[in-house]
Amino acid sequence: MPEIDVSKTIPMLLIWAWLLPLGAFGVLLFFAPWLDRRGRAAGWLATGAVAGSFLLSLLALGFWVAKGPTGAEPAGHSGQTAGVSSQTRAPSENPTRPITDHTVHQPDGRLESIAERASHQSGLARPGPIVGRLFSWARFGRYEISLTYYIDTLTVLMCMMVSLVALCIHIYSLGYMAEELHEVSDPLVQAAGGGPLRRPGRFGRFFQYLSLFVFSMLGLVLAGHLVMIFMFWELVGLCSYFLIGFYRERPSAQAAAMKAFVVNRVGDMGFLVGLMALGGLVGTWSLGDMPDSLGQPVAGVFTQLHELLVGQSAAAEGSLPSGLGMPSGGGFSRTLWILAAVGIFCGCVGKSAQFPLHVWLPDAMEGPTPVSALIHAATMVAAGVYLVGRFYPAFPPEVLLVIAVVGTITLLIGATIALVATDIKRVLAYSTISQLGYMMLGLGVGGWAAGLLHLVTHAFFKALLFLCSGSVIHAVGTNEMPQMGALRRKMPWTAWTMLVGCLAIAGAGLPGLVGLSGFYSKEAILAQVYLFCREQPAVGGWLFAAALAGAGLTAFYMFRLWYMTFAGPPKDEHIFHHAHESPPVMVGPLVVLAGLAIVAGWRVPGTSLSLQQLLDRDRPVLLAAENAARYLPGVGQPGDRTSAESGTSAEYGKMQPLAGSPVWPVVIPEEHRSHDPGVAGPVGWMAFAAALAGFLLATAIYGMRKLAPERIVQAAPAVYTFLKNKWYFDQLYEAAFVRPVLRLADGTVDVDRQVLDRTADGMARGLIRLARMEDWLDRRWVDALFNRSAEAAYRLGLGLRRLQTGELRQYVLWAVLGAVAIFVLVSLGW
Amino acid sequence: MPLEGSWESTALLTLIVFGPAIAALGLLLAPKRRTRAIKLLSLSATMVVLVGTGYLCFLLKQSPPIGQTDGMSAAGPAVVVRLPWIPAFGVEYFLGVDGISLPLVLLTSFLSVLAMLASWTIQRHEKAYCVLFLLLETGLLGVFLALDFFLFYVFWEVTLLPMYFLIGLWGGPRREYAAVKFFLFTLAGSVLMLVAMLMLYFSSDLRLLSPSELAACHAGEASPSEDDSGVEPRKPGESSERFGDTSAGSSDRPRHTFNLLALAALGQSRNLKQMPASFALGKAESKEKSSGVEGQAATLGPLDRPLLWGKSVQWWAFLLLLAGFLVKVPSVPVHTWLPDAHVEAPTPISMLLAGVLLKMGGYGLLRIAYPICPAGGYELAWLVCGLGLVSMIYGAFAALAQKDFKRLVAYSSVSHMGYVVLGLGVWSATAAVGYRIDAWLMGSSGALFQMIAHGITSAGMFFLVGVIYDRVHHRDLDQMGGLLHRMPSFGAVSIVIFFGAMGLPGLCGFVGEVLVLLGAWHYSAWVAAVGATVVILTAGYILWTIQRVYLGAEYRGPHPEALEPMSCREMAVALPLAVLAVVLGVYPQTVFSYAEPSVRQTIQQLADWTRRYEAAQPSAANLANPASSETQPVNFQQPSVFQNHSVTVADVDR
């Protein structure tokens, strides 16, 4: 059997998986209305494209797992895409770079990369990323902007997850959006002539936007250049804009779409500043080492940053390494580094709806429910978490702490607001915010695999929950939970699959034995927070307490939702009477997603393979930790490594601050230690207890009606109002930003009108006045002078005319007198 | 072999520049009532010009530029026409195209075709309109192609009058106010430019340039006139000086020039000859000569002579040029003519005004102000960047407050052109970065790209506003809505163009903006960070506009019955712009492959100048006290394409 070169096959598979939805988009762009007249052809086309993407991604995942390109061949060109497979994540295997003293020489003379060293810890072979360039956008000296890919485990997993969830949601939408096939009457919009507005359906357009979204999202996870990531980042935002505003006749949908885009732009501005700072720091935005036009590898962000950090550490020791072409005279500014990292995190804050930019996500529920499931729960909003994970090695520890704190605040805000929301989709939206906060918290305290595992499992169960809520809304025609109840009798499939979702998000499972997917990911995050708490009790204590409280709140509001919707007596008989189970095309995806929500955390039977293990295998090492461990005295010299791997050295893996750190020492614990039974055991039981408490409370209040919710509200009305008003964020932003900006805008117009225009007009008027004055001068003096002299001459002429009498004698007399006068004058004068 | 002076390039460039004018002359003979024929003739004239510029594009790819020996792709002007015009003052008919002008020339001819197509709705005095329109196109093309300052100035003024009449006669209700305002503002600008031009002219002296530099600048004798072809016997050793003395008696008189390339070489003190003492430039230099510091003058060009308040000729010239060009860009605070002119101008004229006319300012900065007066650009970089930044923010805020659709688009132009000014102004190749030009190059290329992108999106937006106005006869944003529903294809094209203007990645607006901001970081992190806030404001006003005009349940304004779908003609105008917005956004290399080498050369020369200038700076008193600057580097070799080219002067002449 011929050897398959995975470093070429996997990119090819994923690029096709990426381009298929683009093709569907292109077709639908021009033919959607035409296809709409032919039933669901548009939907099937888009679904087929996504199914193709999913199969290709799955194939790529298979290749990746079966045969990661571990240390096979040296960097070389690969075919027509000029792609180059490089085994280096970060430093050292770059043949052109001078070998600096930081690289560990293996016995066989090879250089050991960070990736390999990390893999030694987890005891697994860890494949490096596959990088390559599709085409170059622009190149200015050392700055290059190009369309590149960067494929590692995270990429492959994300591609698989995105296309799988997207496939389920496409199929579901075939049923859910069926009403768009005909003329739609929108009861929420008043037509000019009274009555609900009637408009043509937009079935094809819906799938057109969905296809564009899948293309953009896959592009986002494939991209290996931060500017490219930024491009797709904005493109998914655009798709989100279109889909939130899908019911564009509704003013609320328009406002929500615009709010989402503008709030995201605030984050993107931070992203842009981060990109600038990164450009100033390392002079490149390419993540991996990319070959230039001559085939020589050019160091990417990770490598450059590594070199800079090594340089700084070495400088502290007094020996500077022979650096490769360092920018800006080789200076390394820690401030710039932090600024770059914070800036990039700002983008993540916007996209992943973290505090303080979380306000757009609940409003985004104006879009159709499948959109909420796909974009505003499973994939796009997770892009921020993805980017933190992607850029993770390059985050300085201080910024990781910021990420953890922001995640914690978000987690609490989301969970508390979800307690009192009554719109079923908004409960889920706030739950999404809260869970995204969880992921950020996990990443921030060093739990790379934990946070990203939660990203994947959350995608499955949150998509499931949203689709279930869509099924309910489809059946009852309202979002308000107080009007529902007892629906499990009418729609059992929806009810039980949703129960699976609730259990998964609550993290149901028996510690040490088995659980639903959410159990594994949530426990992993909590274990890591607990570890962090042990290292840094001052901050970590609060983080851990908040995370535990969040787990309890999650269980509470999810079961509150389930009980209010499916249990108890029906609240509105009319609605209950008309409720019905959804068609198979909608129930099918629910069942598939429910299955995934159960098993996503499990091992593949017969092997040791699981998502968690796969992520653990590819866990990157913080560049900062790496260098601190190597070069700072007392923090684990290279020699300590053997003891570190056995886990006996408590010192290893701690992150000590580099010299000149502006904040107090931040210690990011190594993630593998969180798998210790000593950590994972107690944390598992604590999480179990918290979730159980939440579940029992919800059961008591909403399931068994032992406690009336109204009485709890009356006990603390201020808290209730505060939460009901969503912590007053919207009002605050309206007053603090929106209105001042609009006032400032009016101010500029006034400046234009009152100052600049008046100045210009005034100058013109002044000129005219000057001209008038000159005109007056002309008339009054200059003209007058000439006129007067002319008049005088005229008068003189008139006077002289009298001399002309016609009498010859008189003429002769005058002639004689004249002659005499001349004679006298001449004789006297001369 | 460069195409200078060849029959082909002369004919081509002349056809491009004067084709529209010739067509306009032809139109004068046409009967006035055959309006359709007149429009068709004008349209075909613009199309011929477009084909010509397309061929130019092809030629530029084909022909190696002058002095190309080191593998660099086309950088200097490659297709050149040079004929004497007013020999007494050294004025020449000197046209040329390089990577900086080519995209703008293409943009001009392309937008002219579309604007002419959009002119079908003009119903009054069609003949006069078309004549003026074509004259305007000649002026615009001439500005972008002229390499002689005097010629540039003439074309610059030629654009002014047709525009005045086009606004003043075919405009809206306040057209007279707008036309006069436009005229006065831009006239004030061009007067300042005229003063600067004369200052530079009378300070210039071609005798100072070395022969190779003269050849590179096409500054040799314009044509082998009779008296030059052998009447005067010349010694071989004298050949390098043969440009200084066309007649034996005048060899001690300076030889002034309007040649932009030569002026740039003089302004940057590039490859200056070792001057004999008799060429002493001023008091300072002669003192210096007498004190025996030979060659110091080589770092002090003729334009470095102090003029007023201790500032040099080029500093003052830069200030005047800057003022002149910024009026055109327009930059805050001299921008107020723009909204009025746009609101009153008919749609096709707005398209040309925003799409092309504003670019004259940016082009002037990049082509004239910076290369010729680097000292001014270097010292006033803060001013240029500040004005660019203020324009970006101010324009965005003002756009946010508008109720009139067209006024909003006009203010968005102010904001977008602010990016151009900022991108050009970031003088970041200083000693702090080892004179690396990468960031500056990125900013300037971004600015050039932004000009093209803005030309596409703003012309598109003005056209779209015109399409609505033609139907419902108002532009009140609060009385619109639901147009996406009423006119679906119009809505789709509009959204592409508006998002392009917003700077959405994948569309053309993004490329320029992001490159300018990324480049600005190296000049000042604060400027770049503050500039980045503009992306929020831009998103705000564009999305708000889309919401008010295109989304919503239904149109709520006068004349709802008139909202019919776009006609084929309208689609033919809008669709190419939308397609181009996508193509340039996805593959900006199309522009950069032409522009980058030329911008690189310009920036590299300026960076080399900065190196010399900053090396001379520590002894800032070297004007007054030249003896202290003995150790200053002398006569830097230019490491650009000019260095070892082998084109002899005689080759250039013939």
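Residues numbered from 1 in each chain as written. Chains lettered and ligands numbered in written order. Predicted model: local features only at pLDDT ≥ 70, side-chain atom pairs only at ≥ 80, totals over all residues.

Caption draft 1: Just the overall build of chain A, in detail. Along the backbone of chain A there are 28 helices and eight strands. When contacts within chain A are restricted to residue pairs at least 6 apart in sequence, those whose partners lie at least 24 apart make up 76%. (Helix = DSSP H or I, 4+ residues; strand = E, 2+ residues; numbered from the N terminus. Contact = placed C-beta atoms within 7 Å.)

Caption draft 2: Expanded view of unusual backbone geometry. The linkage connecting Phe355 of chain A with the following residue, Pro356 of chain A, adopts the cis geometry, with an omega of 5 degrees. For Pro356 of chain A, the position within the fold is in the loop between α9 (334-351) and α10 (360-363). Cis rather than trans, the peptide bond between Val329 of chain B and Pro330 of chain B has omega equal to -15 degrees. With phi around 55 degrees, His559 of chain B is a residue other than glycine that occupies positive phi space. Looking at the element boundaries, His559 of chain B is found in the loop between α22 (534-549) and α23 (568-586). The class for His559 of chain B is exposed, based on 11 C-beta atoms found within 10 Å. (Buried ≥ 20, exposed ≤ 12 C-beta atoms within 10 Å, placed from the backbone.)

Caption draft 3: Seen up close, the pairing of strand β2 (residues 91-97) of chain B. All names here are of chain B. For β2, the buried fraction is high: seven of the seven residues fall into the buried class. Sheet topology note: the strand β1 (residues 79-86)/β2 ladder contains seven bridges and is antiparallel. In the sheet register, Val80 faces β2, and the bridge partner there is Gly96. Here β1 folds back onto β2 in antiparallel fashion, the turn holding four residues, of which Gly90 has a positive phi close to 70 degrees. (Pairing = 2+ DSSP bridges.)

Caption draft 4: Region of interest: the interface of chain A and chain B. Between chain A and chain B, the contact holds 48 residues from the first and 44 residues from the second. Counting residues per element, the side of chain A that touches chain B draws most heavily on helix α7 (residues 251-282) of chain A, at 14 residues. Considered class by class, the residues forming the side of chain A that touches chain B number 29 nonpolar, nine polar and 10 charged. (Nonpolar A, V, L, I, M, F, W, Y, C, P; charged D, E, K, R; others polar.)

Caption draft 5: Just the environment of Glu179 of chain A, in detail. Take Glu179 of chain A: it is sitting in the loop between α4 (153-176) and β5 (184-190). For the pair Glu179 of chain A and Tyr557 of chain A, spaced 378 residues apart in sequence, the C-alpha separation works out to 32 Å.

Caption draft 6: The arrangement of the packing of helix α5 (residues 149-170) of chain B against helix α6 (residues 175-203) of chain B in detail. All names here are of chain B. Where α5 meets α6, the axes come as close as 9 Å, and the angle between the chain directions of the two elements is 170 degrees. In this view, α5 runs roughly antiparallel relative to α6, as classed from their interaxial angle. Residues Phe149, Tyr153, Trp156, Glu157, Leu160, Met163, Tyr164, Ile167 and Gly168 of α5 form the contact with α6, whose participating residues are Arg175, Glu176, Ala178, Ala179, Phe182, Phe183, Thr186, Leu187, Ser190, Met193, Leu194 and Met197. Of the residues in the contact of α5 with α6, the class split is 15 nonpolar, three polar and three charged. (Axes fitted to C-alpha atoms, helices over the stretch in contact; angles between N-to-C directions. Parallel < 35°, antiparallel > 145°, perpendicular 65-115°, else oblique.)

Caption draft 7: Fine view of the nonpolar core. Core analysis: the largest hydrophobic core is formed by 496 residues, its most contacted members being Leu14, Val165, Ala463, Leu464, Val529 and Ala597 of chain A together with Leu321 of chain B. Setting aside chain neighbours within four positions, we find Leu14 of chain A in contact with Leu56, Ser57, Ala60, Ile151, Cys159 and Leu222 of chain A. (Core = buried A, V, L, I, M, F, W, Y, C linked by C-beta atoms within 7 Å.)

Caption draft 8: Examining the confidence of the model for chain B more closely. Residues and elements named next belong to chain B. Summing up the model confidence of chain B, the mean pLDDT is 78 and the portion of residues at 70 or higher is 80%. Across residues 65-74, confidence stays below pLDDT 50; counting only partners more than four residues off in sequence or on other chains, it has 26 contacts. In the predicted structure, residues 276-298 sits below a pLDDT of 50 and forms 38 contacts with residues beyond four places in sequence or in another chain. For this predicted complex, the interface confidence reaches an ipTM of 0.82, while the overall pTM sits at 0.83. (pLDDT = per-residue confidence, 0-100.)

Caption draft 9: Examining the confidence of the model for chain A more closely. All names here are of chain A. This prediction gives chain A a mean pLDDT of 80; 84% of its residues lie at or above 70. Across chain A, helix α14 (residues 424-444) holds the top mean pLDDT of 92, while strand β1 (residues 76-78) sits lowest at 33. Across residues 318-330, where pLDDT falls below 50, the model places 23 contacts with residues more than four positions away in sequence or in other chains. This stretch, residues 630-663, has a pLDDT under 50; its non-local contacts, to residues over four places away or in other chains, come to 58 contacts.

Caption draft 10: Broad picture of the environment of Leu28 of chain B. Residue and element names in this part refer to chain B. Relative to the elements of secondary structure, Leu28 occurs in helix α1 (residues 7-29). On the neighbour-count criterion, Leu28 (9 C-beta atoms within 10 Å) is exposed. Separated by 291 residues in sequence, Leu28 and Leu319 have C-alpha atoms that sit 41 Å apart.

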